[in-house]
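Understanding the architecture of this molecule
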Amino acid sequence: MEAYQTTAIIKAGETGIDRLVAAQYAEACIERVSAAYDISPYETQLGASQESDKTAYRKSTGLAKRVKRILLMCVGKAEPIKPSERTLQLERILMADKEMKTSAAVFKEIPPTIKRNTERYDALVSQEQKLVAKISGDTADYESAEKDRVVIGSILDYAALSDESRKSIGEAVMGMMGLDVDISDAETRQMAYTRLSAENKSLIEKIEINFPFDERELASARRQMQVIKQYDEKKVRKGFIPAMDKLHELMCELNEAMNKADVEGPGADLEGISERCGQHIAELKAMREQKEAEAELEIEVVKEMEQLEPAPQAEEDIKLRMYRALGLDSAQYSAPVAEEPVIIEADFTEVKL
(Lines give C-alpha, C1' and ligand atoms only; values in the text may rest on other atoms or scores of the structure.)
Protein backbone atom coordinates (compact mmCIF):
# COMPACT_ATOMS: atom_id res chain seq x y z
CA MET A 1 0.00 0.00 0.00
CA GLU A 2 2.89 2.35 0.65
CA ALA A 3 3.88 2.08 -3.00
CA TYR A 4 0.65 3.85 -4.04
CA GLN A 5 1.24 6.72 -1.64
CA THR A 6 4.83 7.15 -2.74
CA THR A 7 3.81 7.20 -6.40
CA ALA A 8 1.20 9.86 -5.73
CA ILE A 9 3.71 12.05 -3.90
CA ILE A 10 6.18 11.76 -6.78
CA LYS A 11 3.43 12.75 -9.26
CA ALA A 12 2.50 15.76 -7.20
CA GLY A 13 6.08 16.90 -6.91
CA GLU A 14 7.06 16.51 -10.54
CA THR A 15 3.92 17.68 -12.29
CA GLY A 16 2.96 20.42 -9.86
CA ILE A 17 6.34 22.16 -10.05
CA ASP A 18 6.66 21.64 -13.81
CA ARG A 19 3.22 23.08 -14.47
CA LEU A 20 3.83 26.07 -12.24
CA VAL A 21 7.04 26.79 -14.15
CA ALA A 22 5.14 26.31 -17.43
CA ALA A 23 2.51 28.85 -16.34
CA GLN A 24 5.17 31.42 -15.46
CA TYR A 25 6.97 30.72 -18.74
CA ALA A 26 3.73 31.15 -20.68
CA GLU A 27 3.06 34.53 -19.08
CA ALA A 28 6.59 35.68 -19.89
CA CYS A 29 6.22 34.59 -23.53
CA ILE A 30 2.88 36.32 -23.93
CA GLU A 31 4.31 39.50 -22.47
CA ARG A 32 7.03 39.47 -25.15
CA VAL A 33 4.55 39.24 -28.02
CA SER A 34 2.11 41.76 -26.58
CA ALA A 35 4.14 44.89 -27.36
CA ALA A 36 1.83 47.81 -28.11
CA TYR A 37 2.06 49.48 -31.50
CA ASP A 38 -0.21 51.75 -33.53
CA ILE A 39 -1.49 50.15 -36.74
CA SER A 40 -3.68 53.08 -37.84
CA PRO A 41 -0.97 54.81 -39.95
CA TYR A 42 -0.74 51.72 -42.16
CA GLU A 43 -4.50 51.66 -42.61
CA THR A 44 -4.33 55.26 -43.82
CA GLN A 45 -1.40 54.46 -46.10
CA LEU A 46 -3.25 51.48 -47.53
CA GLY A 47 -6.20 53.67 -48.47
CA ALA A 48 -3.86 56.13 -50.22
CA SER A 49 -2.05 53.31 -52.01
CA GLN A 50 -5.31 51.81 -53.25
CA GLU A 51 -6.34 55.22 -54.61
CA SER A 52 -3.00 55.41 -56.43
CA ASP A 53 -3.70 51.97 -57.90
CA LYS A 54 -7.04 53.23 -59.21
CA THR A 55 -5.38 56.28 -60.73
CA ALA A 56 -2.76 54.11 -62.42
CA TYR A 57 -5.51 51.82 -63.70
CA ARG A 58 -7.43 54.74 -65.22
CA LYS A 59 -4.28 56.01 -66.93
CA SER A 60 -3.30 52.64 -68.36
CA THR A 61 -6.76 51.44 -69.35
CA GLY A 62 -8.92 52.70 -72.18
CA LEU A 63 -12.41 54.06 -71.68
CA ALA A 64 -14.07 51.04 -73.28
CA LYS A 65 -12.39 48.59 -70.92
CA ARG A 66 -13.23 50.74 -67.92
CA VAL A 67 -16.90 50.89 -68.93
CA LYS A 68 -16.92 47.12 -69.47
CA ARG A 69 -15.44 46.59 -66.00
CA ILE A 70 -18.13 48.82 -64.45
CA LEU A 71 -20.80 46.70 -66.12
CA LEU A 72 -19.17 43.52 -64.83
CA MET A 73 -19.05 45.03 -61.33
CA CYS A 74 -22.82 45.43 -61.45
CA VAL A 75 -23.20 41.67 -61.84
CA GLY A 76 -20.38 40.80 -59.46
CA LYS A 77 -18.02 39.40 -62.10
CA ALA A 78 -15.44 42.17 -62.32
CA GLU A 79 -11.84 41.27 -61.55
CA PRO A 80 -10.30 43.45 -58.84
CA ILE A 81 -7.79 46.06 -59.85
CA LYS A 82 -4.33 44.54 -59.69
CA PRO A 83 -2.73 45.86 -56.48
CA SER A 84 0.71 47.40 -56.50
CA GLU A 85 3.58 46.00 -54.46
CA ARG A 86 3.07 48.84 -52.02
CA THR A 87 -0.60 47.90 -51.55
CA LEU A 88 0.27 44.22 -51.08
CA GLN A 89 2.91 45.14 -48.52
CA LEU A 90 0.43 47.19 -46.47
CA GLU A 91 -2.28 44.53 -46.77
CA ARG A 92 0.14 41.90 -45.44
CA ILE A 93 1.01 44.16 -42.51
CA LEU A 94 -2.65 44.56 -41.57
CA MET A 95 -3.34 40.82 -41.93
CA ALA A 96 -0.29 39.99 -39.79
CA ASP A 97 -1.44 42.48 -37.17
CA LYS A 98 -4.88 40.84 -37.10
CA GLU A 99 -3.28 37.41 -36.64
CA MET A 100 -1.02 38.75 -33.88
CA LYS A 101 -3.97 40.15 -31.93
CA THR A 102 -6.14 37.06 -32.45
CA SER A 103 -3.38 34.64 -31.46
CA ALA A 104 -2.29 36.74 -28.50
CA ALA A 105 -5.89 36.71 -27.24
CA VAL A 106 -5.91 32.90 -27.45
CA PHE A 107 -2.55 32.61 -25.70
CA LYS A 108 -3.70 34.89 -22.89
CA GLU A 109 -6.17 32.20 -21.82
CA ILE A 110 -3.45 29.57 -21.47
CA PRO A 111 -1.60 30.73 -18.31
CA PRO A 112 -4.85 30.95 -16.29
CA THR A 113 -5.79 27.50 -17.60
CA ILE A 114 -2.40 26.13 -16.60
CA LYS A 115 -2.82 27.66 -13.16
CA ARG A 116 -6.29 26.18 -12.73
CA ASN A 117 -5.02 22.81 -13.91
CA THR A 118 -2.13 23.01 -11.47
CA GLU A 119 -4.46 23.68 -8.57
CA ARG A 120 -6.88 21.00 -9.75
CA TYR A 121 -4.06 18.48 -10.23
CA ASP A 122 -2.69 19.12 -6.75
CA ALA A 123 -6.20 18.67 -5.31
CA LEU A 124 -6.59 15.43 -7.28
CA VAL A 125 -3.24 14.18 -6.00
CA SER A 126 -4.36 14.90 -2.45
CA GLN A 127 -7.66 13.14 -3.13
CA GLU A 128 -5.79 10.20 -4.64
CA GLN A 129 -3.55 9.92 -1.59
CA LYS A 130 -6.54 9.92 0.79
CA LEU A 131 -8.42 7.35 -1.28
CA VAL A 132 -5.35 5.13 -1.61
CA ALA A 133 -4.83 5.29 2.16
CA LYS A 134 -8.50 4.53 2.81
CA ILE A 135 -8.59 1.65 0.33
CA SER A 136 -5.33 0.36 1.78
CA GLY A 137 -6.87 0.38 5.26
CA ASP A 138 -10.08 -1.22 4.02
CA THR A 139 -8.10 -3.88 2.20
CA ALA A 140 -6.19 -4.71 5.37
CA ASP A 141 -9.44 -4.77 7.36
CA TYR A 142 -11.13 -6.95 4.76
CA GLU A 143 -8.27 -9.43 4.71
CA SER A 144 -8.27 -9.46 8.51
CA ALA A 145 -12.05 -9.93 8.57
CA GLU A 146 -11.73 -12.89 6.24
CA LYS A 147 -9.21 -14.50 8.61
CA ASP A 148 -11.41 -13.68 11.60
CA ARG A 149 -14.39 -15.27 9.86
CA VAL A 150 -12.49 -18.57 9.69
CA VAL A 151 -11.68 -18.34 13.40
CA ILE A 152 -15.26 -17.43 14.29
CA GLY A 153 -16.54 -20.40 12.29
CA SER A 154 -14.18 -22.68 14.27
CA ILE A 155 -15.87 -21.68 17.53
CA LEU A 156 -18.79 -23.93 16.71
CA ASP A 157 -16.36 -26.86 16.25
CA TYR A 158 -14.54 -26.06 19.50
CA ALA A 159 -15.40 -29.42 21.18
CA ALA A 160 -13.89 -31.42 18.30
CA LEU A 161 -10.62 -29.47 18.18
CA SER A 162 -7.30 -30.41 19.66
CA ASP A 163 -6.06 -28.77 22.82
CA GLU A 164 -3.55 -26.72 20.81
CA SER A 165 -6.23 -25.51 18.39
CA ARG A 166 -8.56 -24.69 21.29
CA LYS A 167 -5.86 -22.56 22.87
CA SER A 168 -5.16 -20.73 19.62
CA ILE A 169 -8.84 -20.04 18.99
CA GLY A 170 -9.37 -18.91 22.56
CA GLU A 171 -6.55 -16.35 22.26
CA ALA A 172 -7.91 -15.18 18.93
CA VAL A 173 -11.42 -14.75 20.35
CA MET A 174 -10.13 -12.77 23.33
CA GLY A 175 -8.19 -10.56 20.91
CA MET A 176 -11.26 -9.90 18.79
CA MET A 177 -13.52 -9.22 21.75
CA GLY A 178 -10.95 -7.34 23.81
CA LEU A 179 -12.01 -9.31 26.84
CA ASP A 180 -10.66 -12.25 28.84
CA VAL A 181 -13.31 -14.82 28.10
CA ASP A 182 -13.39 -18.56 28.67
CA ILE A 183 -14.85 -20.13 25.59
CA SER A 184 -14.59 -23.62 27.09
CA ASP A 185 -18.09 -22.91 28.39
CA ALA A 186 -20.67 -23.71 25.73
CA GLU A 187 -22.91 -20.77 26.58
CA THR A 188 -19.96 -18.35 26.50
CA ARG A 189 -18.86 -19.78 23.16
CA GLN A 190 -22.34 -19.26 21.73
CA MET A 191 -22.41 -15.67 23.02
CA ALA A 192 -18.96 -14.99 21.56
CA TYR A 193 -19.88 -16.58 18.25
CA THR A 194 -23.10 -14.57 17.92
CA ARG A 195 -21.39 -11.29 18.71
CA LEU A 196 -18.24 -11.82 16.66
CA SER A 197 -20.03 -13.23 13.62
CA ALA A 198 -22.40 -10.23 13.60
CA GLU A 199 -19.51 -7.74 13.90
CA ASN A 200 -17.52 -9.56 11.25
CA LYS A 201 -20.46 -9.57 8.86
CA SER A 202 -21.13 -5.87 9.47
CA LEU A 203 -17.50 -4.95 8.83
CA ILE A 204 -17.33 -6.93 5.60
CA GLU A 205 -20.62 -5.49 4.35
CA LYS A 206 -19.49 -1.95 5.18
CA ILE A 207 -16.26 -2.40 3.24
CA GLU A 208 -18.09 -4.02 0.32
CA ILE A 209 -20.56 -1.11 0.19
CA ASN A 210 -18.01 1.67 0.54
CA PHE A 211 -15.26 0.28 -1.65
CA PRO A 212 -17.06 0.77 -5.01
CA PHE A 213 -17.46 4.49 -4.17
CA ASP A 214 -13.80 4.80 -3.25
CA GLU A 215 -12.78 2.74 -6.27
CA ARG A 216 -14.87 4.91 -8.63
CA GLU A 217 -13.58 8.19 -7.16
CA LEU A 218 -9.99 7.00 -7.34
CA ALA A 219 -10.37 5.94 -10.98
CA SER A 220 -12.03 9.29 -11.81
CA ALA A 221 -9.29 11.26 -10.05
CA ARG A 222 -6.58 9.37 -11.90
CA ARG A 223 -8.35 9.88 -15.26
CA GLN A 224 -8.58 13.61 -14.58
CA MET A 225 -4.91 13.68 -13.65
CA GLN A 226 -4.09 11.88 -16.88
CA VAL A 227 -6.09 14.41 -18.92
CA ILE A 228 -4.21 17.26 -17.29
CA LYS A 229 -0.90 15.53 -17.95
CA GLN A 230 -1.86 15.03 -21.60
CA TYR A 231 -2.89 18.70 -21.84
CA ASP A 232 0.46 19.67 -20.40
CA GLU A 233 2.27 17.40 -22.83
CA LYS A 234 0.26 18.10 -25.99
CA LYS A 235 -1.07 21.62 -25.56
CA VAL A 236 1.69 23.23 -23.53
CA ARG A 237 4.92 21.47 -24.36
CA LYS A 238 4.15 20.32 -27.91
CA GLY A 239 1.56 22.98 -28.76
CA PHE A 240 2.00 26.19 -26.82
CA ILE A 241 5.77 26.49 -27.03
CA PRO A 242 6.08 25.89 -30.82
CA ALA A 243 3.05 28.10 -31.54
CA MET A 244 4.38 30.84 -29.30
CA ASP A 245 7.73 30.54 -31.07
CA LYS A 246 5.99 31.09 -34.42
CA LEU A 247 4.00 34.00 -33.03
CA HIS A 248 7.19 35.61 -31.79
CA GLU A 249 8.79 35.10 -35.22
CA LEU A 250 5.71 36.68 -36.83
CA MET A 251 6.04 39.65 -34.47
CA CYS A 252 9.64 40.19 -35.54
CA GLU A 253 8.71 39.95 -39.23
CA LEU A 254 5.82 42.34 -38.68
CA ASN A 255 8.11 44.86 -37.01
CA GLU A 256 10.51 44.65 -39.95
CA ALA A 257 7.65 45.01 -42.44
CA MET A 258 6.32 48.09 -40.64
CA ASN A 259 9.81 49.54 -40.52
CA LYS A 260 10.27 48.94 -44.26
CA ALA A 261 6.86 50.42 -44.99
CA ASP A 262 7.77 53.52 -42.99
CA VAL A 263 11.07 53.89 -44.82
CA GLU A 264 9.63 53.32 -48.27
CA GLY A 265 6.21 54.75 -47.59
CA PRO A 266 6.73 58.51 -47.51
CA GLY A 267 8.30 58.55 -50.99
CA ALA A 268 5.57 56.40 -52.45
CA ASP A 269 2.88 58.42 -50.74
CA LEU A 270 4.35 61.71 -51.89
CA GLU A 271 4.54 60.41 -55.42
CA GLY A 272 0.92 59.41 -55.23
CA ILE A 273 0.02 62.80 -53.77
CA SER A 274 1.84 64.54 -56.62
CA GLU A 275 0.01 62.46 -59.21
CA ARG A 276 -3.39 62.95 -57.66
CA CYS A 277 -2.87 66.65 -57.01
CA GLY A 278 -1.59 67.11 -60.57
CA GLN A 279 -4.71 65.50 -61.91
CA HIS A 280 -6.94 67.74 -59.78
CA ILE A 281 -4.95 70.80 -60.83
CA ALA A 282 -5.35 69.92 -64.51
CA GLU A 283 -9.09 69.39 -64.10
CA LEU A 284 -9.64 72.60 -62.15
CA LYS A 285 -7.43 74.59 -64.55
CA ALA A 286 -9.32 73.28 -67.57
CA MET A 287 -12.60 74.21 -65.91
CA ARG A 288 -11.34 77.68 -65.05
CA GLU A 289 -10.01 78.31 -68.57
CA GLN A 290 -13.29 77.16 -70.06
CA LYS A 291 -15.21 79.60 -67.86
CA GLU A 292 -12.83 82.41 -68.79
CA ALA A 293 -13.20 81.62 -72.51
CA GLU A 294 -16.99 81.60 -72.16
CA ALA A 295 -16.86 84.96 -70.39
CA GLU A 296 -14.61 86.52 -73.12
CA LEU A 297 -16.91 85.23 -75.85
CA GLU A 298 -19.88 86.79 -74.12
CA ILE A 299 -18.07 90.15 -74.02
CA GLU A 300 -17.29 89.95 -77.77
CA VAL A 301 -20.92 89.21 -78.59
CA VAL A 302 -22.06 92.19 -76.56
CA LYS A 303 -19.63 94.45 -78.43
CA GLU A 304 -20.84 93.26 -81.83
CA MET A 305 -24.44 93.81 -80.84
CA GLU A 306 -23.65 97.35 -79.73
CA GLN A 307 -22.10 98.09 -83.15
CA LEU A 308 -25.24 96.94 -84.95
CA GLU A 309 -27.59 99.22 -82.97
CA PRO A 310 -28.10 102.92 -84.31
CA ALA A 311 -26.42 105.62 -82.35
CA PRO A 312 -28.85 107.70 -80.34
CA GLN A 313 -29.66 111.09 -82.05
CA ALA A 314 -29.18 114.36 -80.26
CA GLU A 315 -32.34 116.19 -79.38
CA GLU A 316 -33.24 118.71 -82.17
CA ASP A 317 -34.08 122.36 -81.57
CA ILE A 318 -37.81 122.76 -81.16
CA LYS A 319 -37.99 125.68 -83.63
CA LEU A 320 -36.31 123.58 -86.31
CA ARG A 321 -38.85 120.90 -85.72
CA MET A 322 -41.61 123.54 -86.07
CA TYR A 323 -40.21 124.68 -89.45
CA ARG A 324 -40.08 121.11 -90.65
CA ALA A 325 -43.63 120.54 -89.52
CA LEU A 326 -44.81 123.67 -91.43
CA GLY A 327 -42.89 122.72 -94.55
CA LEU A 328 -40.79 125.83 -94.35
CA ASP A 329 -37.30 125.90 -95.61
CA SER A 330 -35.21 124.79 -92.75
CA ALA A 331 -32.28 126.51 -94.35
CA GLN A 332 -33.84 129.86 -93.41
CA TYR A 333 -33.53 128.68 -89.88
CA SER A 334 -30.38 129.36 -88.11
CA ALA A 335 -29.77 127.70 -84.85
CA PRO A 336 -29.89 130.02 -81.94
CA VAL A 337 -26.60 131.18 -80.70
CA ALA A 338 -26.10 130.73 -77.06
CA GLU A 339 -25.97 134.04 -75.41
CA GLU A 340 -22.97 134.81 -73.38
CA PRO A 341 -23.48 136.68 -70.15
CA VAL A 342 -22.80 140.43 -70.49
CA ILE A 343 -20.34 141.79 -68.05
CA ILE A 344 -20.72 145.52 -67.40
CA GLU A 345 -17.71 147.29 -66.11
CA ALA A 346 -18.35 150.70 -64.37
CA ASP A 347 -17.29 152.71 -61.44
CA PHE A 348 -19.92 153.30 -58.85
CA THR A 349 -19.81 156.54 -56.83
CA GLU A 350 -21.53 156.63 -53.52
CA VAL A 351 -24.06 159.53 -53.50
CA LYS A 352 -24.98 161.04 -50.24
CA LEU A 353 -28.55 162.31 -49.96
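None of the values given here were measured: they were computed from a predicted structure. (Residues numbered from 1 in each chain as written. Predicted model: local features only at pLDDT ≥ 70, side-chain atom pairs only at ≥ 80, totals over all residues. Heavy atoms only, no water.)

Focus on a nonpolar patch on the surface
- A grouping of Leu297, Val301 and Met305 is seen on the molecular surface, where their side chains present a nonpolar patch of about 290 Å² in accessible area.
- Here Leu297 is to be found in helix α7 (residues 186-308).
- A residue is classified by how much of its surface remains accessible, and Leu297, at 57% relative accessible area, is exposed. (Patch = residues over 30% accessible without salt bridge, like charges linked within 9 Å, V, L, I, M, F, W, Y side chains within 5 Å. Areas by Shrake-Rupley, 256 points an atom, 1.4 Å probe, with all protein chains shown as cover. Salt bridge = Lys/Arg side-chain N within 4 Å of Asp/Glu carboxyl O. Helix = DSSP H or I, 4+ residues; strand = E, 2+ residues; numbered from the N terminus. Buried < 20%, exposed > 50% of the residue type's maximum accessible area, 1.4 Å probe, protein only.)

Points about the environment of Tyr142
- Mapping Tyr142 onto the fold places it in helix α5 (residues 110-155).
- Separated by 64 residues in the primary sequence, Tyr142 and Lys206 place their C-alpha atoms 9.7 Å from one another.
- Setting aside its immediate chain neighbours within four residues, Tyr142 contacts Ile204, Ile207 and Glu208. (Contact = heavy atoms within 4.5 Å.)

Considerations on the packing of helix α2 (residues 40-60) against helix α4 (residues 85-108)
- Contact geometry of α2 with α4 gives a least axis separation of 9 Å together with a crossing angle of 150 degrees. Here α2 is positioned roughly antiparallel relative to α4, judged by the angle of their axes. The two elements α2 and α4 meet at a crossing, and its hand is left-handed. For the pair α2 and α4, the contacting residues are Tyr42, Glu43, Gln45, Leu46, Ser49, Gln50 and Asp53 in the first and Arg86, Thr87, Leu90, Glu91, Ile93 and Leu94 in the second. (Axes fitted to C-alpha atoms, helices over the stretch in contact; angles between N-to-C directions. Parallel < 35°, antiparallel > 145°, perpendicular 65-115°, else oblique. Left-handed = near helix turned anticlockwise from the far one by under 90°.)

A short note on α2
- Here α2 contains 21 residues, and its C-alpha end-to-end distance of 31 Å stays within 8% of the 30 Å for a straight helix at 1.5 Å per residue.
- Tyr42, Gln45, Leu46, Ser49, Ser52, Asp53, Thr55 and Tyr57 are the residues of α2 that are buried. (Expected span 1.5 Å × (residues − 1).)

A word on the pattern of salt bridges
- Counting across every chain of the model gives eight salt bridges.
- The salt bridge partner of Glu128 is Arg222, with a shortest N-O separation of 2.9 Å. Of this pair, Glu128 sits in helix α5 while Arg222 sits in helix α7, and the two are 94 residues apart along the sequence.
- Relative accessible area serves as the criterion here: at 32%, Arg222 is assigned to the partly exposed category.
- For Glu292, the salt bridge goes to Arg288, with nearest N and O atoms at 3.1 Å. A residue pair is termed a helical-turn pair when its members lie 3 or 4 positions apart in one helix, as Glu292 and Arg288 do in helix α7 at four residues.
- Here Glu292 falls in the partly exposed class, since its relative accessible area comes to 38%.
- Classification of Arg288 as partly exposed rests on a relative accessible area of 43%.
- The network of salt bridges with common partners includes Lys134, Asp138 and Asp214.

A word on the environment of Asn200
- With respect to the helices and strands, Asn200 occurs in helix α7.
- Along the chain, Asn200 and Ser144 lie 56 residues apart, while their C-alpha atoms are 9.6 Å from each other.
- Ignoring anything within four residues of it in the chain, the contact list for Asn200 reads Ala145, Asp148, Arg149 and Ile152.
- Within the structure, Asn200 has its side chain in polar contact with the backbone oxygen of Ala145 (distance 2.8 Å). (Polar contact = N/O pair within 3.5 Å; in protein donor to acceptor, adjacent residues only side chain to side chain.)

Here we look at a negative patch on the surface
- A cluster of acidic side chains, namely Glu143, Glu146, Glu205 and Glu208, defines a negative patch on the protein surface.
- Those elements giving two or more residues to the negative patch turn out to be α5 and α7. (Lys, Arg positive; Asp, Glu negative; His and termini not counted. Charge placed at Lys NZ, Arg CZ, Asp CG, Glu CD.)

Brief notes about the confidence of the model for the protein
- Within the protein, residue pLDDT values average 76, and 74% of them lie at 70 or more.
- When pLDDT is averaged over each helix and strand of the protein, the minimum, 52, is found for helix α1 (residues 2-32) and the maximum, 89, for α5.
- With pLDDT under 50 throughout, residues 1-17 is counted as low confidence; its partners more than four residues away or in other chains account for 21 contacts. (pLDDT = per-residue confidence, 0-100.)

Topic: the packing of aromatic side chains
- Per the stated rule, a full pass over the model turns up zero aromatic pairs.
- In this structure, Arg216 packs its charged tip against the face of Phe213, placed 5.8 Å from the ring centre. (Phe/Tyr/Trp six-rings, centres within 6.5 Å; stacked < 30°, edge-to-face > 60°. Lys NZ or Arg CZ within 6 Å of the ring centre and 35° of its normal.)

Observations regarding the nonpolar core
- Residues Tyr42, Ile93, Phe107, Phe240 and Met244 are the most contacted members of the largest nonpolar core, which totals 23 residues.
- Elements with a minimum of two residues in this core: α1, α2, α4, α5 and α7.
- Ranked by residues supplied to this core, first place goes to α7 with eight residues.
- The contacts of Phe107, once residues within four sequence positions are left out, are Ile30, Phe240, Ala243, Met244 and Leu247.
- In terms of nonpolar packing, the next biggest core, distinct from the first, is built from 10 residues, Ile155, Ile169, Val173 and Leu196 among them. (Core = buried A, V, L, I, M, F, W, Y, C linked by side-chain atoms within 4.5 Å.)

Examining α4
- Along its 24 residues, α4 runs 34 Å from first to last C-alpha, staying within 8% of the 34 Å computed at 1.5 Å per residue.
- Considered for burial, the residues of α4 that qualify are Arg86, Thr87, Gln89, Leu90, Ile93, Leu94, Ala96, Asp97, Met100, Ser103, Ala104 and Phe107.

Regarding the side chain of Asp214
- Relative to the assigned elements, Asp214 resides in helix α7.
- Given a relative accessible area of 8%, Asp214 falls into the buried group.
- Of the polar contacts made by the side chain of Asp214, one reaches the side chain of Lys134; its length is 2.7 Å.

Some words on the side chain of Thr87
- Along the chain, the position of Thr87 falls in helix α4.
- Accessibility expressed as a relative area gives 1% for Thr87, which makes it buried.
- Here Ser84 takes part through its side chain, which lies 3.1 Å from a polar atom of the side chain of Thr87.
- Contacts of Thr87, omitting those with residues within four sequence positions, involve Leu46, Ser49, Gln50 and Asp53.

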